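Notes for the structure review
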Amino acid sequence: MTSSWSRRALLATGGGAALALGLPTAASASDSASLPAPSPATAAVGAADEFAALRAKWRDLYLGTGFSPTAEPFKSKLADLGAQATGYRSTMAPATGSLWPDLVYLDPDPDTDTESFGFSANMNTGYNRLRTMAEAYSQPGTGVTGDTGLRDAVITGLDHLHADVFNETTTRYGNWWNWQIGAPQALMDTCVLLHDALTDAQRAAYCKAVDKFLPDSAVGSYTGTSTGANRVDLCRGMILRGIVGADAAKVTLAVAALSPVFPYVTTGDGFYPDGSFVQHTSIPYIGGYGAVLNDGLGRLFALLRGSTWEITDPGSRQFLDTIDAAIAPFIYDGLMMDNVSGRGITRVGSSDHTRAHGVMASIVLLGMGAGPEENARWRAMVKGWLKRDYYAPALKAGSLSLVNTARLQTLLDDATVTASPEPSAHRVFHNMDRVTHRRRGWGAGLSMASERIAHYEFGNGENKRGWHTGAGWLQWWGDGAGLEQYSDAYWPTVDPYRLPGTTVSRKRLADGQGGAWANPVPGTQWVGGTGDGEFGTTGQHLQGLASTMHARKSWFWLDDSVVCLGSGITSADGAGVETVVDNRCLGASGTQRLLLDGRAQPTTQGWTTTRTTTWAHLDRHAGYVFPGGAELHALREERTGAWKDINDGGTATPNTRRYLTLWQDHGTDPADSTYAYILLPGASSTRTAARAKDTGWLQILANDAGRTGIRVPSLGFTGVNFWAAGTAGKVTASAPVCVQIHEKRDGTATICVSDPSRTVTGLTLTWRRPVKSVLSKADSVGDVRTGSSVTVTYGDLSKSRGATHTVRVRVR
């Protein structure tokens, strides 16, 4: 049998919502013009019916539809939900200052300090437990479905929390979020689920409490904590309060308050035209707040579609564009890259995979309201992620809610949808200092920091040692490299001073260096890059956190590799400086073979060596080539750490994992040190050795404090980071810019330029290569002179915020 709620088909949230809910359609609205106006009594009945329809719709959106409670994975999930609710019921003990003994919310010294945060969180958790109990009562197959004793326990709990802590006379303490977002959402969800079991007086009292802590003024201006994902959450709470309390004005206000979320922003929180998403002013957050915003809007679109309050803001169309522009580039084979998840990467029980699961379900929901072409493309994309994630599949990992499980299971079972592969694409997110690169069989993500984007986020005791995640941290996944790499207790066990790809001072830093919510930013401007969608060139003028260390780091993104160069590495901290070539987690017992110049190295833990090396290879991971040879350090070690070490809310259980680390040591207080290596994700040892032997494959044109550039003749690729005006190979730039030239086999070449520092008001670029004609050019380009060389004159690039300016030419 299927759930009784499956009869209220989720398709009611699509284009047929008006018919499904008995609301006026566009056609019937025009026919009604000749009908007499309804009487006030009739209008009131109509409004009541609409609120009832919206409650039924939210109930379906929250509980899910179309699944069999006797089939897996639903049977087990429902049983677990019932057991959890039963446990909450058995331990609930209303008392002054608490509803459960382990959740004391009575704050002896109420204010907004860290201690008070804990008390307010306990209040919010109490409401969440009641919501879980109400869900178990409402869902089929939980073992407590329709249990009136459980229902009455929920109502007792609601009355207790209202009388004791969450009412119109209480003064807020602790974390604002618990009072304005967390508790109101959980309370109103519960009121929807148990609506008919509550009296009018109870619903009115609960609504008054929400009005106290979530007043109209909370969405009065688009500032502070009322922006981006927070604004969507505030509006969700207010819309549900309006539906529960049959208050049309509340719903109208909240829907109007969503409008500032849709337009692209140029500063601060929100989505940017390049696909960047920022929250807390300087934190890339597509995997955290961005996911919350995505899910929240998806539900509200579905809830209100076909109603009096349908979201019709023209900007909502723009929001749907963010699926392809902002979200999909950071999901790889079913995981959400850590470099856009802020402090959330240190939360025990979550991982890059679990953070992606809910996002995938949200994309499927949003597709129901998008165009047919988008819906088909998104469903194929999500199905591909579902099928390729062998490490923590969304439908087996246990992290998904039941409603999202139903949504994704239906997609996976849909034989009409063919899973799409990962695309080959290069993306630069210049408004949040992130880069993604995908090729067939491997993908990578780069994390940087600038005067616009913080080194890392620390707050609520979370992410205490994320100091160097903006120091050129390079994540990658390759054939056989393992989707578990950053999921298997990586963050509590990895050496935080040796994140892969970074250049760091070994100067000791304090937990939470810079202070809670400080979001420390370096003083550097030249951070960003360019690309043609296939290949890419990226650079970062790096200044270390709480350090005198400076470096100029460059990455050149190609078909099977990333060329990594560094220059101008200088420090006066009295500490050593290192560039971490890689730091691979080998799991709890890994002994993968390491080759140095073809010779196998010991696999014993604690083994270390330093030697001049031209190439290295780690089985089932990657190859590494060092042009001209480099003094390479290697270390095998077991590292033990607990989640609580990096997050106050984590567990103290120790985790032990093995690591293989490769790095170059620049010494103590280096001056103008450099490095160069080629990363080949997923490459075999044979291919790595061949690349090292082919000394003509890579030409390093320059690598100093003024310019860093390469040419790869076989790919027709030239990339140069001009830290200052100058010449590298056949390219001359009159200003500090990033330049990439890609010659194609069809006789054309694409010249890409960006201004990462956002200071260039004019540029003359010369490429000493015979050029026949100009095929296309960006609006920022003025004059283009062709002949034995090409000279391109650009206007003011500073206002383009680091975006790419492209010229296509035909070469001779």
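Structural notes, computed from the coordinates.

The rules we used
Residues numbered from 1 in each chain as written. Predicted model: local features only at pLDDT ≥ 70, side-chain atom pairs only at ≥ 80, totals over all residues. Heavy atoms only, no water. Helix = DSSP H or I, 4+ residues; strand = E, 2+ residues; numbered from the N terminus. Rg over C-alpha atoms; globule rule 2.2 N^0.38 Å. Buried < 20%, exposed > 50% of the residue type's maximum accessible area, 1.4 Å probe, protein only. Contact = heavy atoms within 4.5 Å. Areas by Shrake-Rupley, 256 points an atom, 1.4 Å probe, with all protein chains shown as cover. Pairing = 2+ DSSP bridges. Salt bridge = Lys/Arg side-chain N within 4 Å of Asp/Glu carboxyl O. Polar contact = N/O pair within 3.5 Å; in protein donor to acceptor, adjacent residues only side chain to side chain. Axes fitted to C-alpha atoms, helices over the stretch in contact; angles between N-to-C directions. Phe/Tyr/Trp six-rings, centres within 6.5 Å; stacked < 30°, edge-to-face > 60°. Lys NZ or Arg CZ within 6 Å of the ring centre and 35° of its normal. Patch = residues over 30% accessible without salt bridge, like charges linked within 9 Å, V, L, I, M, F, W, Y side chains within 5 Å. Lys, Arg positive; Asp, Glu negative; His and termini not counted. Charge placed at Lys NZ, Arg CZ, Asp CG, Glu CD. Expected span 1.5 Å × (residues − 1). Bend = angle between axes of the 7 residues up to and from the residue. Core = buried A, V, L, I, M, F, W, Y, C linked by side-chain atoms within 4.5 Å.

Observations concerning the overall build of the protein chain
Helix and strand content of the protein chain: 18 helices and 33 strands. In terms of overall dimensions, the protein chain is globule-like: its C-alpha atoms have a radius of gyration of 28 Å, near the 28 Å expected for 812 residues. In terms of its C-alpha atoms, the protein chain occupies a principal-axis envelope of roughly 85 × 65 × 50 Å. Within the protein chain, the proportion of its 812 residues that are buried is 60%. Taking the contacts inside the protein chain whose residues are at least 6 apart along the sequence as the reference set, 69% of them involve residues at least 24 apart. Put simply, the protein chain shows about 28700 Å² of open surface, and 53% of that area lies on carbon and sulfur atoms.

Considerations on the pairing of strand 18 (residues 608–618)
In the sheet, strand 16 (residues 594–596) pairs with strand 18 via 3 bridges, with the strands oriented antiparallel. Each bridged residue has a counterpart across the sheet, and for Leu596 the counterpart in strand 18 is Ala616. Across 10 bridges, strand 18 lies against strand 19 (residues 622–641) in antiparallel orientation. Paired with Trp615 across the bridge in strand 19 is Val625. Count of turn residues in the strand 18/strand 19 antiparallel hairpin: 3 residues, of which Arg620 carries a positive phi of about 65°.

Remarks on the pattern of salt bridges
Under the defined criterion, the tally for this structure stands at 40 salt bridges. Arg236 serves as the salt-bridge partner of Asp189, at 3.0 Å between the closest nitrogen and oxygen. Note that Asp189 is positioned in helix 7 (residues 176–193) and Arg236 in helix 9 (residues 228–244), a separation of 47 residues in sequence. Take Asp189: its relative accessible area is 1%, and that puts it in the buried class.

With respect to the environment of Thr169
For Thr169, the position within the fold is in the loop between helix 6 (148–164) and helix 7. The exposed category is assigned to Thr169, whose relative accessible area is 67%. Placed 39 residues apart in sequence, Thr169 and Lys208 show a C-alpha to C-alpha distance of 10.0 Å. Looking at Thr169, its side chain comes within polar contact range of the side chain of Asn167, at 2.6 Å.

Topic: the environment of Thr171
Its location among the elements puts Thr171 in the loop between helix 6 and helix 7. According to the relative accessible area criterion, Thr171 is exposed, its value standing at 64%. Taking the C-alpha atoms as reference points, Thr171 and Lys212, separated by 41 residues in sequence, lie 9.4 Å from one another.

Describing the sheet that holds strand 25 (residues 726–728)
Think of a sheet as strands paired side by side through backbone hydrogen bonds, with each pair either parallel or antiparallel. With respect to topology, 5 strands assemble into an open sheet ordered 25-26-29-32-31, the strand pairing being antiparallel. The sheet is open, and its two borders are formed by strand 25 and strand 31 (781–785), each paired with just one other strand. With strand direction ignored, the average angle separating the axes of adjacent strands in the sheet is 15°. Where strand 26 (residues 731–733) and strand 29 (residues 763–767) come together, 3 bridges link them in antiparallel fashion. The residue of strand 29 that forms the bridge with Ala733 is Leu765.

A short note on the packing of aromatic side chains
The relative placement of two aromatic rings is captured by the distance of their centres and the angle of their planes. Tallying each qualifying case throughout the model produces 26 aromatic pairs. Relative to Trp179, the ring of Tyr173 has its centre 5.1 Å away and its plane inclined at 75°; by these criteria the two rings are edge-to-face. Judged by relative accessible area, which is 7%, Tyr173 ranks as buried. Owing to a relative accessible area of 0%, Trp179 belongs among the buried residues under this scheme. When the centroid spacing of 5.3 Å and the interplanar angle of 85° are considered together, the rings of Trp473 and Trp491 count as edge-to-face. With Trp473 in strand 9 (residues 471–477) and Trp491 in helix 16 (residues 490–493), the pair connects residues that are 18 residues apart, well separated along the chain. In this structure, Trp473 and Trp491 share a single accessibility class: buried. By the ring-pair criterion, three or more aromatic residues cluster together here, those being Tyr332, Trp473, Trp477, Tyr486, Tyr490, Trp491 and Tyr659. We note Arg129 situated over the ring of Trp100; from NZ or CZ to the ring centre the distance is 5.2 Å. The ring of Trp697 carries Arg691 above its face, with NZ or CZ at 3.9 Å from the centroid.

Describing the sheet that holds strand 3 (residues 283–284)
On the basis of which strands lie adjacent, the open sheet formed by 3 strands has the order 1-2-3 and antiparallel pairing. In this open sheet, the two edge strands, each paired with only one partner strand, are strand 1 (270–271) and strand 3. Sheet topology note: the strand 1/strand 2 (residues 277–279) ladder contains 2 bridges and is antiparallel. Each residue of the ladder has a partner; that of Gly270, found in strand 2, is Val278.

Quick look at the pairing of strand 31
Two elements, strand 31 and strand 32 (residues 790–794), share 3 bridges in a ladder whose sense is antiparallel. Considered in strand 32, the bridge of Val781 is made with Tyr794. Remark: 4 residues form the turn of the hairpin made by strand 31 and strand 32, two consecutive strands paired antiparallel; Gly787 in that turn has positive phi of roughly 145°.

Brief notes about the environment of Met123
When you line up the elements, Met123 lands in helix 5 (residues 114–138). By relative accessible area, which is 0% here, Met123 ends up buried. Measuring from C-alpha to C-alpha, the distance between Met123 and Glu135 comes to 19 Å, with 12 residues separating the pair along the chain. Look past the residues within four positions of Met123 in its chain and what remains in contact with it is Tyr105, Val165, Phe166, Asn178, Trp179 and Ala183.

Section: the side chain of Asp560
Note on placement: Asp560 falls in the loop between strand 13 (550–557) and strand 14 (562–570). Here Asp560 falls in the buried class, since its relative accessible area comes to 15%. Side-chain polar atoms of Asp560 contact the side chain of Ser561, separated by 3.1 Å. A distance of 2.8 Å separates the side chain of Asp560 from the side chain of Arg691, its partner in a polar contact. With sequence-adjacent residues up to four places away left out, Asp560 is seen in contact with Trp442, Leu679, Leu680, Pro681, Arg687 and Arg691.

Let's talk about a positive patch on the surface
A grouping of Lys744, Lys772, Arg808, Arg810 and Arg812 is seen on the molecular surface, where their side chains present a positively charged patch. Tracing the chain through its elements places Lys744 in the loop between strand 27 (738–743) and strand 28 (748–754).

Some thoughts on helix 12 (residues 315–327)
Here helix 12 spans 18 Å end to end across 13 residues, near enough to the 18 Å set by a 1.5 Å rise per residue. When the local axis directions of helix 12 are compared, the greatest deviation, roughly 40°, occurs at Asp321. All of the buried residues along helix 12 are Gly315, Ser316, Phe319, Leu320, Thr322, Ile323, Ala326 and Ile327. Each element contacted by the buried residues of helix 12 is listed here: strand 1, helix 11 (289–304), strand 4 (331–332), helix 13 (352–367) and helix 14 (372–388).

A short note on the nonpolar core
Counting 176 residues, the largest nonpolar core has Phe166 and Leu408 as its most contacted members. In terms of residue count, the dominant contributor to this core is helix 7 (10 residues). In this view, Phe166 contacts Met123, Tyr127, Leu161, Trp179, Ala183, Pro184, Leu187, Ala209, Val210 and Phe213; residues no more than four positions away in its chain are not counted. Counting 27 residues, the second largest nonpolar core, distinct from the first, contains Ala735, Ile751, Val760 and Val792.

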